[in-house]
Each structure stands twice: as structure tokens, then as C-alpha cells.
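Chain and residue survey
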Amino acid sequence: MTDNDLISIITPFKNSSEYIKDCIESIINQSYKNWELIIIDDYSTDNSFEIVCQISEIDNRIKLHKNNNKNGIISALRIGLNKSSGDYITRMDSDDLMMPNKLEELHNKLKKKGKGFVATSKVKYFS
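A short tour of the structure in this document, coming up. (Residues numbered from 1 in each chain as written. Predicted model: local features only at pLDDT ≥ 70, side-chain atom pairs only at ≥ 80, totals over all residues. Heavy atoms only, no water.)

1. Section: the pattern of salt bridges
The tally for this structure, following the rule as stated, stands at 3 salt bridges. The salt bridge involving Glu36 is made with Lys63; its shortest N-O contact spans 3.3 Å. Placement of the pair is Glu36 in strand β2 (residues 35-41) and Lys63 in strand β3 (residues 62-66), with a sequence separation of 27 residues. Between Asp93 and Arg91 there is a salt bridge, with the nearest N and O atoms lying 2.8 Å from each other. (Salt bridge = Lys/Arg side-chain N within 4 Å of Asp/Glu carboxyl O. Helix = DSSP H or I, 4+ residues; strand = E, 2+ residues; numbered from the N terminus.)

What follows is the structure in C-alpha cells.
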């Protein structure tokens, strides 16, 4: 594990216009900068998609996709997993905020242990 490890963040969203911008900004403001956000629109009927589209045009680490299967969040998460290219993967809900050092702390814990996986709010280790 190196300081260049890519962390993929998978975030499905549906009708999240009230909070999606704050969610994404909390990721952009991470102290650990080597991440990609795989964000999947799950058939929003508000302007969530347009908000994310504007932000993704500014930051190329944000990769916007649409869920065309109409199968809900599980389908959206599968799309995110298939599109991710990170060494480690975590997920985040579109109405959550990430503390500014969360990815850095997760990365440091994984680096110290040597192997493991990242969960939404915890780090779990294999022995």
C-alpha cells in the first residue's frame, strides 16, 4: 500500500438536490486527494442530475453515471462497483457528509495493517 493508492467512493443518488452538492463538496475537500467518486443517478426526477453534472465538469475525479435498469439502489451500486478502478472501495449515501480527514485516516489504518477493506464508516481487517 502506498500513498498513491486510489480510493473509489461509490455514491448512488435519487432526488437528492437538497444535499448532493454538500455531499460532493465534503469529498472534494478531503485531505487525501487520490480518490475517484463514482456517482450514479437512480432515476431522479428533480434537478439532482444537473447539479452533479455541473460539479463533475469541474473535477475529473467525479464520474457520473445513470442507472438504466430501473432496479433501484442495488443495481446502482453494482454499476458503481463495475465502474470503479480504485485499490480500495467505500460507499457513501448522497445525504451524508464526509469529515475532511476520513479518507486519510482510513488509508493510514489500512497502510498500518497491510490488508483489509473499507466499509462506509469503519475499517475492518482480515487476519
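After presenting the structure, the write-up continues.
2. Focus: the sheet that holds β2
Strand order across the open sheet formed by 4 strands is β3-β2-β1-β4, with parallel pairing between neighbours. Only two strands of the sheet have a single neighbouring strand rather than two, namely β3 and β4 (88-91). On average, each strand axis in the sheet is tilted by 20° relative to the strand beside it, whichever way the strands run. With 7 bridges connecting them, strand β1 (residues 7-13) and β2 associate as parallel partners. Counted as the bridge partner of Ser8 is Glu36 from β2. Along the sheet face, helix α2 (residues 48-58) touches β1, β2 and β3 and points at about 150° away from the line of β3. (Pairing = 2+ DSSP bridges. Axes fitted to C-alpha atoms, helices over the stretch in contact; angles between N-to-C directions. Contact = heavy atoms within 4.5 Å.)

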